[in-house]
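Survey of secondary and tertiary structure
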Amino acid sequence: MFTSYLKLSVEYRCMLVAAFVFNLGFYMLIPFLAGYLKQDLLLSATLVGLVLGVRSFCQQGLFLVGGLLADLFGVKKPIVAGCLLRALGFCLFLFSQVTELLFLAAFLTGFAGALFTPAAQSYFSKQTELSSAQMFALVGVARNGGELLGPVCGLMLLSVSFDVLCVVSALPFALFALLFVVLLPGKQAQASSSNVKSASEGGGISAMIAGVLGNRKFLLFSIIMSGYFMLINQISFAIPLHLVTQSGEPKEVAWVLTLCALIAIVLQFPVTRLCERRLSPQKWISIGIALMGLSFVTLIPNWAYQSGVLYYLPMSLLAILFTLGTMVSFPFIMSQISVLAEGKSVATHYGFFYLFAGIGLIAGSALVGVAFDYAALNANLAWYCLIAIGVLTAVLNTVFMAAPGANSQIQTTSPSTSK
């Protein structure tokens, strides 16, 4: 993995570090924000929920805007702006006692992610040293590393003060904004601008959006992959709900999240390289999503152990199977988007894709919430729903996205060896 990392240009190495820092800074602050607002500032639960909802909505709902801006002006400007806005948003949380500034901080924090992510994904998809799937495998490793270390660093900083946490969380984003101004190439932005000029002759932004909406294969793939996103959030949503109903402790949730992150960090890249040597990317997407759903089978049996090491066995099996599923599917899902875009408005395609991802996240959480509310009908209703989502999504992907042309276009070998 490290050898492959060194093959990349300085710009791409820096972008990978930025992906790590984005998640590190996010998970240093955001997981502790609700507790600070509720317990320290004594804000109502409704207000806290609205603030967090605004942040999530601005990120998920504005991904399309971020994608369009990246295609219009090149990836450099949205990436730099995203870093600056995330730094500013985190600093504004220092003034959370002022309601207007609190909501502005939430908006800027969410919009920053909407600017950065589609532009970064588009930029990653254009590198030529590694296969697209391997590139996104490295992105996954970087993000999981930030997700793993973020809460630990945040907890230490919070022990000093919330103000220190905000400033330290914001500082890396400001530094990376300055670094990207120097490192990211302007020539790609110029190329993007020339593309926009030609696109503007046919209708500008409306033509770009129409081009995405007319890409039926991409839209079908995005709709099917909403099932993937219905599952991806359940480790941090369904599992905590389950443990609460079982009188579990927070450390048990932390154990599952930590195990998932560690497995992904260590195995993501070698697993992706192994997958590239066998079967097609579309088959791995289906296998991975099916594994994610079937991993919840481990919670259906009535395990006899209520303490000791064996008490953690079902959750550990769940974490292993679920993470394996994400490892064999995520890199190929991300690379498939750029393939289906066919080099046209790639960032806009990523922006559209994340809109469907947001719908999947909301639908998955709502469905699991309803399943827990009706647990009196069947204690395992939530797990049956998640298993069904995984299997159904895998079947739909196999049936509708298995066209030979789509699979053959996906780069599965290193550019240096392929012909």
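As a reminder, the structure under discussion sits directly above these lines.
A brief structural summary. (Residues numbered from 1 in each chain as written. Predicted model: local features only at pLDDT ≥ 70, side-chain atom pairs only at ≥ 80, totals over all residues. Heavy atoms only, no water.)

Comments concerning helix H15 (residues 313-341)
What counts, and what does not: For the purposes of this entry, the term helix denotes a DSSP run of H or I that reaches at least four residues, the term strand denotes a run of E that reaches at least two, and both are numbered from the N terminus. Here the expected span of a helix is defined as 1.5 Å times the quantity of residues minus one. One axis fitted to the seven residues ending at a residue, another fitted to the seven starting there: the angle between these axes is the bend at that residue.
In this model H15 runs 43 Å from its N-terminal to its C-terminal C-alpha over 29 residues, within 8% of the 42 Å that 1.5 Å per residue would give. Along H15, the sharpest change in direction is near 30 degrees and occurs at Ser329; proline Pro331 comes one to four residues later. Where H15 terminates, the next one or two residues include Glu342, which has phi positive at roughly 55 degrees.

Comments concerning the packing of aromatic side chains
Worth spelling out the cut-off: Two aromatic rings from Phe, Tyr or Trp, using only the six-membered ring of Trp, form a pair when their centres are within 6.5 Å; if the ring planes differ by under 30 degrees the pair is stacked, by over 60 it is edge-to-face, and anything between is tilted. Note on exposure labels: buried denotes an accessible area under 20% of the residue type's maximum, exposed denotes more than 50%, and partly exposed covers the range between, all computed with a 1.4 Å probe on protein chains only.
Applying the stated criterion to the full structure yields 18 aromatic pairs. Ring geometry for Phe22 and Phe173: centres 4.7 Å apart, planes at 75 degrees, overall edge-to-face. Pair noted here: Phe22 is in helix H2 (residues 10-40) and Phe173 is in helix H8 (residues 162-183), with a separation of 151 residues, a long-range link. We note that Phe22, like Phe173, is buried.

Observations concerning helix H3 (residues 45-61)
Counting along an α-helix, one turn takes 3.6 residues, and residues three or four places apart therefore face a common direction. Definition in use: By construction, the arc corresponds to the directions joining the helix axis to the C-beta atoms. Whether two residues are in contact is decided by their heavy atoms: any pair within 4.5 Å suffices. Definition of a polar contact: a pair of N or O atoms within 3.5 Å, with one able to donate and the other able to accept a hydrogen when the atoms are protein atoms, and with sequence-neighbouring residues admitted only if both atoms are side-chain atoms.
Taking 1.5 Å of rise per residue, 17 residues should cover 24 Å, and H3 covers 23 Å from first to last C-alpha, within 8% of that figure. Along H3, the residues that are buried comprise Leu47, Val48, Val51, Arg55, Cys58 and Gln59. Buried residues along H3 cover an arc of 115 degrees about the axis, so they all sit on one side. Relative to its buried face, H3 has exposed residues pointing more than 90 degrees away, namely Ala45, Thr46 and Phe57. Of the surrounding elements, those touching the buried residues of H3 are H2, helix H4 (63-73), helix H5 (76-92) and helix H6 (99-125). The opening residue of H3 is Ser44, an N-cap whose side-chain oxygen sits 3.1 Å from the backbone nitrogen of Leu47.

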